[in-house]
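Remarks on the overall topology
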Amino acid sequence: MNVTSISAKISGIVSALRTRWNSALYRSLENHPIAKVPWSAIRRIGQSRLLAFTIIVPFLGSTILFNQTVVDALALSPELVRRWLHLDSGDQLKESAHALTLTRLYYAYFGLSFLGFGSALFGLFCPTTIKDYSSVTAYQATEAPFASKPRFRIMLRQIGYEACYWDWFDEDQFLFTSPVWFRRAGAPTDFQILFNTVMLEIYGTWGSAHPESDLDAEVYEDRRGHPDTSKLARAMAFPNRIQSIFVDELADNAFDQGTRSDVLALAYMAHDNSKPALRLCTASCYAIGFLLLLIPTAQTFYSVMLSLLAP
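Throughout what follows, the structure given in this document is the object of discussion. (Residues numbered from 1 in each chain as written. Predicted model: local features only at pLDDT ≥ 70, side-chain atom pairs only at ≥ 80, totals over all residues. Heavy atoms only, no water.)

This brings us to the overall build of the chain. Looking only at helices and strands, the chain has 16 helices and 0 strands in total. Here the chain holds 311 residues, and 37% of them are scored as buried. The long-range share in the chain, meaning contacts at least 24 apart out of those at least 6 apart in sequence, stands at 79%. Entry remark: accessible area of the chain is about 18400 Å², with carbon and sulfur atoms responsible for 61%. (Helix = DSSP H or I, 4+ residues; strand = E, 2+ residues; numbered from the N terminus. Buried < 20%, exposed > 50% of the residue type's maximum accessible area, 1.4 Å probe, protein only. Contact = heavy atoms within 4.5 Å. Areas by Shrake-Rupley, 256 points an atom, 1.4 Å probe, with all protein chains shown as cover.)

With that settled, consider the pattern of salt bridges. Within this structure, the stated rule accounts for 4 salt bridges. Across the pair glutamate 143 and arginine 151 runs a salt bridge, and its minimum N-O distance is 2.6 Å. A salt bridge links arginine 153 to aspartate 252; its shortest N-O distance comes to 2.9 Å. Taken together, the residues span a long stretch of sequence, with arginine 153 in helix H10 (residues 149–165) and aspartate 252 in helix H14 (residues 241–256) at a distance of 99 residues. (Salt bridge = Lys/Arg side-chain N within 4 Å of Asp/Glu carboxyl O.)

Orientation of helix H9 (residues 136–143) relative to helix H15 (residues 260–272), taken along the N-to-C sense of each, is 125°, at an axis distance of 9 Å. Between H9 and H15, the crossing angle belongs to the class labelled oblique. When the axes of H9 and H15 are compared, the crossing they make is right-handed. Mapping the contact onto sequence places Val136, Tyr139, Gln140 and Glu143 in H9 and Ser261, Asp262, Leu264, Ala265, Ala267, Tyr268 and Met269 in H15. (Axes fitted to C-alpha atoms, helices over the stretch in contact; angles between N-to-C directions. Parallel < 35°, antiparallel > 145°, perpendicular 65-115°, else oblique. Left-handed = near helix turned anticlockwise from the far one by under 90°.)

This paragraph deals with the side chain of glutamine 243. As for its position among the elements, glutamine 243 is in helix H14. Aside from chain neighbours lying at most four places away, what touches glutamine 243 is Tyr220, Ala235 and Phe238.

A negative phi angle characterises most non-glycine residues, just as the trans form characterises most peptide bonds. Although it is not a glycine, histidine 32 adopts a positive phi angle of roughly 50°. Among the structural elements, histidine 32 can be located in the loop between helix H1 (3–30) and helix H2 (39–46). Phi at lysine 275 is positive, roughly 50°, even though this residue is not glycine. In this fold, lysine 275 is placed in the loop between H15 and helix H16 (276–309).

As a further point, take the packing of aromatic side chains. Within the structure shown, the criterion is met by 13 aromatic pairs. Pairing tryptophan 181 with phenylalanine 182 gives two aromatic rings, centres 5.8 Å apart and planes at 90°, and the pair type is edge-to-face. Judged by its relative accessible area of 11%, phenylalanine 182 is buried. Through a chain of ring-to-ring contacts, three or more aromatic side chains come together here, namely Tyr133, Tyr139 and Tyr268. Lying over the aromatic face of phenylalanine 255, arginine 260 brings its terminal NZ or CZ to 4.1 Å of the ring centre. (Phe/Tyr/Trp six-rings, centres within 6.5 Å; stacked < 30°, edge-to-face > 60°. Lys NZ or Arg CZ within 6 Å of the ring centre and 35° of its normal.)

As structure tokens, this is what we get:
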């Protein structure tokens with residue numbers, strides 16, 4: 001076997017591995033893993049009053065958990081340790097019991113600290129809309145009677161901004177703040193589908209109400225002459241002086257028509273999927289915290305079961 005054939009085989013293996021890696025990465029991005037962790041999902045944990053107290057653990061945990069009195073009070077029974085580790089009575093047994101107690105306290109300290117970090121991030125960065133309302137229907141039922149045209153204009157601009165952010169084909173506004181793969185992995189499909197449907201309805205209604213408008217409608221159309229929702233989103237998110245008038249008219253149209261509830265739903269979903277990096281950090285802190293707290297629990301359960309089943 002010559003060097004050329006070996007090099008060709010290695011090149012083929014590398015090419016096959018690269019193809020598999022790209023395929024796995026593509027499937028992962030298409031599953032939108034970041035979009036599966038919206039603020040409303042984190043809210044179920046973040047709104048817990050018990051977890052809210054974990055914010056103080058990183059600052060006072062070492063004083064509380066590693067106080068000698070606390071360590072002595074939480075010390076594992078030497079008899080249990082003897083049965084778990086099959087040790088003889090004596091100083092070695094006491095040292096092993098003390099070491100196991102400290103190990104579990106370390107897990108508890110770091111676990112509660114991560115939960116505290118997660119609670120702090122949730123309290124600081126979770127949108128107020130998500131904190132106040134647990135679902136889209138609750139938000140619609142409460143906000144619909146108080147909705148006004150000025151508030152709808154603000155909502156539509158926020159909705160347009162979020163739609164532009166999740167349009168990962170658009171590399172102009174967010175290329176340096178969020179990479180394309182990150183926006184692609186976090187693109188909320190339900191928000192995008194509803195946004196496209198609602199915007200086509202609103203734009204069609206606006207066109208019927210303003211047949212003689214001086215607005216150059218071709219600016220917001222694709223090559224086939226159909227309305228382009230990505231161009232409409234950009235106009236709503238980053239309007240110039242002329243576009244501001246157009247966007248306000250769209251908002252007024254959405255307020256007067258049957259799309260009012262849909263716009264409220266889009267506003268809630270826009271907040272729910274905002275700040276993806278902070279959402280990931282918050283969810284990761286909660287996940288790591290619960291995992292660290294679960295480790296000593298699983299170890300104790302295993303040791304107890306083993307001691308009961310052992311001859």
